[in-house]
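Structural overview for review
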Amino acid sequence: MPQWFDTLLAWKAAAVAAWFLLFFALERWRPAAPEPLAVTGHWRRVGRNLLLWALNLPLSLLLVLPLTDWASRHAPAWRPDWWGGWTGLALDLLLLDLMIYWWHRANHVAPLLWRFHAVHHLDRFLDSSSALRFHFGEVALSALARAAVILALGFPLASVLVFETLVLLAAIFHHSNVRLPPRLERALSWIVVTPSIHWVHHHRIRRDTDSNYATVLSLWDRLFASRSARARDPAMPIGVEGLAEEAAPALLGRPFRA
Ligand SMILES: [Zn+2]
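The present account deals with the structure reproduced in this document. (Residues numbered from 1 in each chain as written. Predicted model: local features only at pLDDT ≥ 70, side-chain atom pairs only at ≥ 80, totals over all residues. Heavy atoms only, no water.)

1. Details of the layout of surface pockets
Computed from the structure, the largest pocket encloses a volume of approximately 1,400 Å³. Forming the walls of the largest pocket are 46 residues, and the residues nearest its centre are Lys12, Arg146, Glu164, Val167 and Leu168. Of all the secondary structure elements, the ones that give two or more residues to the lining of the largest pocket are helix H1 (3–29), helix H3 (42–74), helix H4 (85–109), helix H5 (111–121), helix H6 (136–153) and helix H7 (157–175). Per-element tally for the lining of the largest pocket: the top contributor is H7, with ten residues. When its residues are assigned to classes, the lining of the largest pocket shows 30 nonpolar, twelve polar and four charged. Together, 21 residues line the second largest pocket, and Glu185, Ser196, Ile197, Ala231 and Arg232 are the ones closest to its centre. With four residues, helix H8 (residues 182–189) is the largest single contributor of residues to the lining of the second largest pocket. Partitioned by chemical class, the residues of the lining of the second largest pocket number eleven nonpolar, four polar and six charged. (1 Å grid on protein atoms, 1.4 Å probe; cavity = no way out; pocket = protein on both sides within 12 Å on 5 of 7 lines; lining within 4 Å. Points joined across faces, edges and corners; volume = space filled by probe spheres on them. Helix = DSSP H or I, 4+ residues; strand = E, 2+ residues; numbered from the N terminus. Nonpolar A, V, L, I, M, F, W, Y, C, P; charged D, E, K, R; others polar.)

2. What about the coordination of the zinc ion?
Coordination sphere of the zinc ion, protein contribution only: His104 (NE2), His108 (NE2), His117 (NE2), His121 (NE2) and His201 (NE2), at 2.1 to 2.2 Å. In primary-sequence terms, the residues that donate to the zinc ion follow H-x3-H-x8-H-x3-H-x79-H. Taken together, the residues span a long stretch of sequence, with His117 in helix H5 and His201 in helix H9 (residues 195–201) at a distance of 84 residues. We classify His117 as buried; its relative accessible area is 3%. Exposure remark for His201: the relative accessible area of 0% places this residue in the buried category. (Donors = N, O, S within 2.8 Å, 3.2 Å for Na, K, Ca; no water. Buried < 20%, exposed > 50% of the residue type's maximum accessible area, 1.4 Å probe, protein only.)

3. Things to note about a nonpolar patch on the surface
Judged by side-chain polarity, Leu61, Leu62 and Leu63 come together as a nonpolar surface patch covering roughly 320 Å² of accessible area. For Leu61, a relative accessible area of 59% corresponds to the exposed category. (Patch = residues over 30% accessible without salt bridge, like charges linked within 9 Å, V, L, I, M, F, W, Y side chains within 5 Å. Areas by Shrake-Rupley, 256 points an atom, 1.4 Å probe, with all protein chains shown as cover. Salt bridge = Lys/Arg side-chain N within 4 Å of Asp/Glu carboxyl O.)

4. Structural notes on the pattern of salt bridges
With the rule as written, the count across this model stands at 14 salt bridges. Across the pair Glu35 and Arg45 runs a salt bridge, and its minimum N-O distance is 2.9 Å. Pair noted here: Glu35 is in the loop between H1 and helix H2 (37–40) and Arg45 is in helix H3, with a separation of ten residues, a long-range link. For the pair Glu35 and Arg45, one class covers both residues: buried. Note that Asp127 and Arg45 form a salt bridge whose closest N and O atoms lie 2.5 Å from each other. Here Asp127 is found in the loop between H5 and H6, whereas its partner Arg45 is found in helix H3, with 82 residues between them in sequence. Note on accessibility: Asp127 and Arg45 belong to one class, buried. Ionic contacts of the salt-bridge type, sharing partners, join the residues Glu27, Arg28, Glu35, Arg45, Asp123 and Asp127 into one network.

5. Here's the deal with the packing of aromatic side chains
This structure, assessed with the given rule, holds 14 aromatic pairs. Here the aromatic rings of Phe24 and Trp43 are separated by 6.1 Å at their centres, their planes lie at 55 degrees, and the arrangement is tilted. Here Phe24 is found in helix H1, whereas its partner Trp43 is found in helix H3, with 19 residues between them in sequence. On the basis of relative accessible area, Phe24 is assigned to the buried category, the value being 17%. For Trp43, a relative accessible area of 58% corresponds to the exposed category. Following the ring pairs from residue to residue traces out a cluster consisting of Tyr101, Trp102, Tyr213, Trp220 and Phe224. The lysine or arginine in question, Arg28, covers the ring of Phe24, its NZ or CZ lying 3.5 Å from the ring centre. (Phe/Tyr/Trp six-rings, centres within 6.5 Å; stacked < 30°, edge-to-face > 60°. Lys NZ or Arg CZ within 6 Å of the ring centre and 35° of its normal.)

6. Let's talk about the packing of H4 against H7
For any two helices packed against each other, one specifies the crossing angle of their axes together with the interaxial distance. The interhelical angle for the contact between H4 and H7, taken along N-to-C directions, is 55 degrees, at an axis separation of 10 Å. Comparing their axes, H7 and H4 come out oblique. As for how H4 packs across H7, the hand of that crossing is right-handed. Two secondary-structure elements touch here, H4 through Leu89, Asp92, Leu93, Leu96, Asp97 and Ile100 and H7 through Ser159, Val160, Val162, Phe163, Leu166 and Val167. (Axes fitted to C-alpha atoms, helices over the stretch in contact; angles between N-to-C directions. Parallel < 35°, antiparallel > 145°, perpendicular 65-115°, else oblique. Left-handed = near helix turned anticlockwise from the far one by under 90°. Contact = heavy atoms within 4.5 Å.)

7. Quick look at the environment of Phe20
Among the secondary structure elements, Phe20 is positioned in helix H1. Of the residues examined, Phe20 reaches a relative accessible area of 13% and is grouped as buried. For the pair Phe20 and Ala147, spaced 127 residues apart in sequence, the C-alpha to C-alpha distance is 27 Å. Filtering out sequence-adjacent residues up to four positions away, Phe20 remains in contact with Leu50, Ser128, Ser129, Leu132 and Ile172.

Written out as structure tokens, the structure reads:
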């Protein structure tokens, strides 16, 4: 992989780490919702989320990055000249955000994909650590889907890497339990997905779980009629209706159980 790629990757890691630590501190200083500690066990829950994230690091290096790089190098070069530079990057980010909206929605609709995605949803409370909690199977399946999209639409590696950074920053923000000034959050929610929007996606009521799929821009749920009418309530139970949270080893085996 080229030198600029390693530099960009290092910047991504530094930006995401700093952003995560910022929100991890802010949400403990000014929480929006009280955690039902008797249910979750705060540090046990955070530890479980970080363990699931740590297991995905070798997968990222061994599968996700090489596959993404391979796809961007083998995509047919059919893009017109105007689809380049900063305009091209902006268009790529918009299209990738649209794709991830439909991929996330597919994860809720297709039973096989939901088996893996449910592991993310089984968290009984939300904070910035929830943004890192994904089953390795979901990470691998997402990498395959993304490679197919890159091959079809010829996204350059730089666009994909910038988008992946944005996704992580957005996910840490909208899973976080930071108490924002209500007027600021309302204004932001017109443009990006805020905690008030995404927490409803984690509401332990299936109708809400199957809504609010957007990741970065909030417009997709309005455009495709998947925005829940429910307002976030700090006492709202989090999780999956009818399913129980499990310890990390059981969560890893969960998608493969009958
Ligand atoms: Zn989901």
